[in-house]
Amino acid sequence: MSITRRRTVELPEHPDFLWAHAAPKKSYDAIIVGGGGHGLATAYYLAKLHGMTNIAVLEKGWLAGGNMARNTTVIRSNYLWDESAGIYEHSLKLWEGLQEDVGYEMFFSQRGVMSLAHSVSDERTKRRNSYANAVNDIDTVWLTPQDVKEIAPIVNISEDVRYPVIGATYQPRGGIAKHDWVAWGYAKAAGDLGVDIIQGCEVTGFDIREGKVHGVKTNMGNISANKVALVGAGHSSVLANMAGFDIPIQSRPLQSLVSELLEQVLDTVIMSGMVHVYVSQAHKGELVMGAGTDAFNSYSQRGGFHVIEHQLAAAVELFPIFERAHLLRTWGGIVDVAPDASPIVGLTPVDNMYLNCGWGTGGFKATPASGWVMAHTIATGEPHELNAPFSLDRFKTGHLIDEHGAAGVAH
Amino acid sequence: MLNIPCPWCGPRDETEFHYGSEAGVAYPENRDEISDEEWGKFVFIRSNPKGWFAERWVHSAGCRRWFNVWRNTITHEFGPTYKPATQQPASPQ
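Now for a quick tour of the structure. Values in this document were obtained by computation on a predicted structure and should not be read as measured data. (Residues numbered from 1 in each chain as written. Chains lettered and ligands numbered in written order. Predicted model: local features only at pLDDT ≥ 70, side-chain atom pairs only at ≥ 80, totals over all residues. Heavy atoms only, no water.)

1. What to know about the side chain of A:Ser251
- Structurally, A:Ser251 can be placed in strand β12 (residues 250–261).
- A relative accessible area of 0% places A:Ser251 in the buried class.
- Polar contacts involving the side chain of A:Ser251 include one to the side chain of B:Asn48, which spans 2.9 Å.
- Contact partners of A:Ser251, with chain neighbours within four places excluded, come to A:Gly234, A:Phe296, A:Asn297, A:Ser298, A:Tyr299, A:Ile334, A:Val335 and B:Asn48. (Helix = DSSP H or I, 4+ residues; strand = E, 2+ residues; numbered from the N terminus. Buried < 20%, exposed > 50% of the residue type's maximum accessible area, 1.4 Å probe, protein only. Polar contact = N/O pair within 3.5 Å; in protein donor to acceptor, adjacent residues only side chain to side chain. Contact = heavy atoms within 4.5 Å.)

2. So, the interface of chain B and chain A
- On the side of chain A, 25 residues touch chain B, which itself brings 22 residues to the contact.
- Of the roughly 1,900 Å² buried between chain B and chain A, counting both surfaces, carbon and sulfur atoms make up 58%.
- On the chain B side of the contact with chain A, B:Phe44, B:Asn48 and B:Lys50 bury the most area, a combined 35% of that side's loss.
- Counting the contacts that link chain B with chain A gives zero salt bridges.
- For the pair chain B and chain A, the number of links is 16 residue pairs in polar contact (both at pLDDT 80 or more).
- Sorting the residues of the side of chain B that touches chain A by element identifies β3 (18–22), α1 (36–44) and β4 (52–58) of chain B as the ones contributing at least two each. (Buried area = accessible area lost by both parts, 1.4 Å probe. Salt bridge = Lys/Arg side-chain N within 4 Å of Asp/Glu carboxyl O.)

3. Focus: the sheet that holds strand β6 (residues 78–82) of chain B
Residues and elements named next belong to chain B.
- Pairing is antiparallel across the open sheet formed by four strands, whose spatial order is β3-β4-β5-β6. Only two strands of the sheet have a single partner each, and these edge strands are β3 and β6. Looking at each pair of strands side by side, their axes are set apart by 30° on average, direction ignored.
- Of the strand pairs in this sheet, strand β5 (residues 66–72) and β6 are connected by three bridges, and their pairing is antiparallel. Residue Arg-71 lies in a different strand from β6, and its bridge partner there is Phe-78. (Pairing = 2+ DSSP bridges. Axes fitted to C-alpha atoms, helices over the stretch in contact; angles between N-to-C directions.)

4. Observations concerning unusual backbone geometry
Residues and elements named next belong to chain A.
- For Asp-137, which is not glycine, the phi torsion reads 60° and is therefore positive.
- Within the secondary structure layout, Asp-137 lies in the loop between α3 (120–135) and β5 (141–143).
- We note that His-276 has phi near 75°; this positive angle belongs to a residue other than glycine.
- Following the sequence through the fold, His-276 ends up in the loop between β13 (269–272) and β14 (277–281).
- Judged by relative accessible area, which is 17%, His-276 ranks as buried.

5. Section: helix α2 (residues 82–102) of chain A
Residue and element names in this part refer to chain A.
- Counted at 1.5 Å a residue, the expected span for α2 with its 21 residues is 30 Å, and the 29 Å between its end C-alpha atoms agrees.
- Along its length, α2 reaches its greatest deviation from straightness, about 45°, at Glu-96.
- Trailing α2 by a residue or two, Gly-103 shows a phi angle of about 70°, which is positive. (Expected span 1.5 Å × (residues − 1). Bend = angle between axes of the 7 residues up to and from the residue.)

Right, here's the structure in full:
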């Protein structure tokens with residue numbers, strides 16, 4: 001496969017000029033707490049599809065400066081269970097028209113996502129996953145080691161390594177996008193529709209009376225709202241506790257890293273859960289890698305360097321030519337992990353308050369669908385059929401959606 | 001990497017340990033009577049504070065014993081450590 005996907009486009013405007021910097025009004029029809037990708041997508045679809053334009057996005061830091069700025073941008077929909085296939089495939093379909101829909105370049109590139117198998121049990125799990133994808137009309141291909149080599153010549157498929165490549169699942173429609181531009185595109189499009197985007201506005205409490213939310217308290221004063229959506233990612237527990245209920249979320253650091261800029265050597269996305277690394281190469285040329293979370297709870301956006309060492313060891317075994325690449329930068333984000341590795345999107349014990357969290361280590365790919373179903377839930381007061389299974393109630397009923405096996409790597 | 005104070009062995013590298021999440025979660029009493037909701041809480045709900053957190057670790061590559069310790073989830077600073085089935089010291093804050 002030739003490496004021909006490098007494109008030239010004009011750089012976008014500085015994001016400071018893409019949307020108006022609003023001061024909060026006294027009241028809104030809906031307030032979205034959290035100005036990351038999911039919050040911005042929620043605002044955009046609320047305004048565009050449901051006609052709710054008297055709404056605000058409140059962001060305590062700067063826009064899309066949390067996990068939206070820290071992820072490894074992998075997009076795919078090849079999850080195991082029907083519920084997940086429904087929401088993630090809806091997301092991928094939205095991605096496929098997103099740049100045109102919001103009118104903004106996002107470097108969305110369907111270069112394929114490959115997940116390597118290294119043992120018999122690993123292969124069985126991945127084949128099962130692949131068959132499930134086929135049943136759900138999600139594109140899936142089983143690759144032999146030779147196929148892997150053809151798509152990505154730099155992968156080491158020799159048998160004399162600790163965990164040889166014995167096959168792989170491949171989703172050709174998977175890929176990557178430029179995360180900042182996704183956030184800016186949604187913010188610009190939402191702002192153009194009249195949504196107030198308010199940065200530096202931290203929610204410090206809620207106005208809840210008789211089990212119903214009436215507004216939020218912030219460092220910029222009290223703001224009343226008919227509906228409030230919590231889209232706080234790693235800080236979701238903090239928000240839920242402020243509102244007086246518990247959620248089954250643990251906040252953990254998830255680290256990523258980039259190399260220096262290199263010539264294009266990899267034009268697909270390769271993941272390996274067993275040796276524990278995933279890697280793609282950004283349009284600009286840096287290798288972007290990630291692996292598992294650090295073990296412990298944290299809100300620090302930092303993790304241990306031994307986790308980086310572990311993933312680099314795996315990367316060098318799989319891709320011997322990476323050996324002399326220099327590590328440029330590592331960083332961490334705080335991910336909100338649910339017990340079944342699936343999101344929680346829907347209603348809460350507080351009337352007119354909605355929750356969208358638990359995307360854990362894989363939220364970027366879900367940005368469009370997460371916003372789309374959240375907007376439906378806020379506008380109608382009921383979950384869409386795509387997010388109904390992802391209720392907070394499932395931790396009472398036992399109807400879990402266990403996606404630990406389909407997560408690209410173990411977390 | 002965290003430098004974790006094992007109450008038996010003293011401070012050691014994080015790579016010698018495995019994490020056990022929140023400390024002091026008691027197995028429910030009157031188990032025949034409690035509701036699905038209460039079981040759900042016991043199985044799935046753990047506190048997730050921003051700040052001081054009492055948590056469990058096991059020193060897998062050392063003495064292989066469990067213990068509890070206070071740790072700050074913002075700064076990663078450790079507070080008092082304490083052995084299982086002993087009185088939990090007050091939160092450092």
